[in-house]
Amino acid sequence: MTALTPTDAERLKLAFQRCRDMEGTLNEQLRAYAEAGREIFPAYGEAVDRLVDRLSQNGGGENAPRPGEVMPPFMLPDDRGQLVGLPSLLARGPVAVMFFRGHWCPYCRLNVRAVIQAQDRIRAMGAQIVAIMPETQEYTEKFIAESGAPFPVLTDLDNGYALSLNLAIWLGTEIQRLLSYQDMAKFHGNDGWMLPIPAVFVVGRDGLVKARFVDPDFRKRMEIDDLLAALEGASREN
């Protein structure tokens, strides 16, 4: 099993910076980073392809809430330890509930940066973003500090909420070995190697899902224009 060398880790960091600063849509940036990563660390790219194929064959994320269905409520702690509930957020307007893998994930960092860049437009329509990750408060704080996220980032410890939505997945031993340079047990407070499938649920004030994006391939995310259109539609309904 090929490990990530310090030299390749630095090359990945530089590739991330290039993709972050390039012109283009979020998914164009994500594809560019995936291509760079496959060149620098091919063993990981191939392992991810196998993981995605396994998840797709097993219907990964298919049973998560669909448009027209009620979004199950949550009550989760933010980076300051204060509990945040979906009903209290919906009282102020529609919400995009976004699941991220963690502060360490470059695809999530690209994703959150694109959302932050659209934050003024999101606020103007009376909508909100809430992010959910399976990391302890220490690392949600780190995620906020590094990204500048102006919205709540909540801890879903042990993926309890993600499991209830059929979004939590086990990475498998192959991915575990290739990601062994990341201290997941410390990030999660457990050694289960479970992550959520990155997903977005746009929820109206009536508590119903208006739009969703669920893809077992974490290298793909909901495009920002699609997110804005879904939030605008939900705002008009209210």
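Along each chain, the written sequence defines residue order, and numbers are assigned to residues from 1. Side-chain atom pairs in this predicted model are given and counted only at pLDDT of 80 or more, local residue features only at pLDDT of at least 70, and totals for whole chains, interfaces and linings cover all residues. Only hydrogens and water are removed before side-chain values are computed, so all heavy atoms of the structure are retained for them.

Undergrad: Whenever I open this one, helix α3 (residues 42-57) confuses me. Can you help?
TA: Because the α-helix completes a turn every 3.6 residues, residues three or four places apart line up on one side. Between the first and last C-alpha of α3 there are 23 Å, a value that for 16 residues agrees with the 22 Å anticipated at 1.5 Å per step. Buried within α3 are the following residues: Ala43, Tyr44, Gly45, Ala47, Val48, Leu51, Val52 and Leu55. Tucked inside the fold, the buried residues of α3 contact α2 (26-40), β6 (168-170) and α9 (173-178). Under the DSSP-based scheme used, a helix requires at least four consecutive residues in state H or I and a strand at least two consecutive residues in state E, with every element numbered from the N terminus. Looking one or two places after α3, you find Gly59, whose phi comes out positive at around 70°. How far a helix is expected to stretch is found by multiplying one less than its residue total by 1.5 Å. Each residue gets one of three labels from its accessible area relative to the maximum for its type: buried under 20%, exposed over 50%, partly exposed in between, using a 1.4 Å probe on protein chains only. Residue contacts are defined here by distance: any two heavy atoms, one from each residue, within 4.5 Å place the two residues in contact.

Undergrad: What's the story with the pairing of strand β9 (residues 209-214) in this structure? I'm lost.
TA: Pairing geometry for strand β8 (residues 199-203) and β9, over five bridges, is antiparallel. Paired with Val202 across the strands is Ala211, a residue of β9. Pairing between strands is defined by DSSP: at least two bridges between the two strands are required.

Undergrad: Explain the packing of aromatic side chains to me, please; I cannot follow it from the model alone.
TA: By convention, a stacked pair of Phe, Tyr or Trp rings (six-membered ring in the case of Trp) has centres within 6.5 Å and planes under 30 degrees apart, an edge-to-face pair has planes over 60 apart, and any other such pair is tilted. Enumeration according to the criterion identifies nine aromatic pairs in this entry. Judged by centre distance (5.8 Å) and plane angle (15°), the rings of Phe41 and Tyr44 are stacked. Taken individually, Phe41 and Tyr44 each receive the classification buried, so the pair is uniform in this respect. Each ring, one from Phe99 and one from Phe201, has its centre 6.3 Å from the other, and the planes form 85°; the classification is edge-to-face.

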